[in-house]
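Residue-level structure breakdown
The lines below spell out each chain.
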Amino acid sequence: NRCGIGMHLQSGTDAGENISLHGGAIYNSDLALKLDATNAELNCHSVAYDYNGLMADLNAGRLMLTDCHIESDSVSDDQIDLDGNGTHFSMKGGLLQWYGTYPSSWAQYGNVKAASCTASFSDVLMHNMGNSAERLFTGPGLVLAKSTQMLNTPNMPARMHDQQKSSMVFGGFESAAT
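Keep in mind that this is a model prediction, so the values were computed, not measured. (Residues numbered from 1 in each chain as written. Predicted model: local features only at pLDDT ≥ 70, side-chain atom pairs only at ≥ 80, totals over all residues. Heavy atoms only, no water.)

**Description of the overall build of the chain**
When its secondary structure is counted, the chain shows 0 helices and 20 strands. Out of the 178 residues belonging to the chain, those deemed buried represent 49%. Residue pairs at least 24 apart in sequence account for 63% of intrachain contacts in the chain once pairs closer than 6 positions are excluded. Summed over its atoms, the accessible surface of the chain is roughly 7900 Å², and 47% of this surface lies on carbon and sulfur atoms. (Helix = DSSP H or I, 4+ residues; strand = E, 2+ residues; numbered from the N terminus. Buried < 20%, exposed > 50% of the residue type's maximum accessible area, 1.4 Å probe, protein only. Contact = heavy atoms within 4.5 Å. Areas by Shrake-Rupley, 256 points an atom, 1.4 Å probe, with all protein chains shown as cover.)

**Digging into empty space enclosed by the protein**
Under the criterion given, the structure shown has 1 cavity of 30 Å³ or more. Empty space within the largest cavity amounts to approximately 30 Å³. Lining the largest cavity are Tyr49, Tyr51, Asn52, Leu54, Met55, Ile70, Glu71, Ser72, Gln79 and Tyr109. Mapped by element, the contributors of at least two residues to the lining of the largest cavity are strand E7 (54-58) and strand E9 (69-72). In terms of residues, the lining of the largest cavity owes the most to one element, E9, which gives 3 residues. A per-class count over the lining of the largest cavity returns 6 nonpolar, 3 polar and 1 charged. (1 Å grid on protein atoms, 1.4 Å probe; cavity = no way out; pocket = protein on both sides within 12 Å on 5 of 7 lines; lining within 4 Å. Points joined across faces, edges and corners; volume = space filled by probe spheres on them. Nonpolar A, V, L, I, M, F, W, Y, C, P; charged D, E, K, R; others polar.)

**As for the state of the cysteines**
A full pass over the atoms with the stated rule returns 0 disulfides. Of the cysteine sulfurs around Cys68, a residue in no disulfide, the closest is that of Cys44, at 5.6 Å. Look at Cys68 and you get buried, because its relative accessible area is 1%. (Disulfide = S-S within 2.5 Å.)

**Some words on the pattern of salt bridges**
Applying the stated criterion across every chain, the model contains 4 salt bridges. Between Lys34 and Asp36 there is a salt bridge whose closest N-O contact spans 3.9 Å. Measuring nitrogen to oxygen at the nearest pair gives 2.9 Å for the salt bridge that ties Lys34 to Asp57. One end of the pair, Lys34, is in strand E4 (residues 29-35); the other, Asp57, is in strand E7, and 23 residues separate them in sequence. Connected via shared salt-bridge partners are Lys34, Asp36 and Asp57. (Salt bridge = Lys/Arg side-chain N within 4 Å of Asp/Glu carboxyl O.)

**Things to note about the packing of aromatic side chains**
For the structure on display, the rule yields 3 aromatic pairs. Judged by centre distance (5.7 Å) and plane angle (55°), the rings of Phe89 and Phe121 are tilted. Taken as a pair, Phe89 in strand E11 (residues 88-92) and Phe121 in strand E14 (residues 118-122) lie far apart in primary sequence, 32 residues in all. We note that Phe89, like Phe121, is buried. Relative to Phe137, the ring of Tyr109 has its centre 6.4 Å away and its plane inclined at 65°; by these criteria the two rings are edge-to-face. Of this pair, Tyr109 sits in the loop between strand E12 (95-98) and strand E13 (110-112) while Phe137 sits in strand E16 (residues 137-138), and the two are 28 residues apart along the sequence. Accessibility assignment for this pair places Tyr109 and Phe137 in one class, buried. (Phe/Tyr/Trp six-rings, centres within 6.5 Å; stacked < 30°, edge-to-face > 60°.)

**Describing the side chain of Ser90**
Tracing the backbone through its elements, the reader meets Ser90 in strand E11. For Ser90, the contacting residues outside a window of four places in its chain are Leu63, Met64, Leu65 and Ser120.

Shown next, in the form of structure tokens:
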């Protein structure tokens, strides 16, 4: 059975500033992380997020993952959903992987819904992240990727799409259609 929300930083005065999680796991939740506080800063180090219905619903604040492990078989769109003024998600190191029938039926893994939102990935190994739409992220916000590798994702360039720039194609797939 799934529980509701693994961790929720609710809005409030001086709420959720510089909270850190070190190690452990959030698993089998309907939603792993939810941030609603504009001043929320959640720093997660070496935390495993396993088989949650959705990974993150960020309506405000900043979520920073370092050397974390995200593993899911959920077919829901927008596993990472960013909305709100200045909302930020970053993942440095670690593994982002999807287990299930390839390609996945989700249209995109994440959505940067507001132009002021940012999602960034640095030195992340993405495993089995293909889908029929051939995109990982969409929306008017900014998506950045640096030194990110794809593994076991045939027939799909490592694509992240934002509406501020044209589709970003990286990882040796520069000739792919955008």
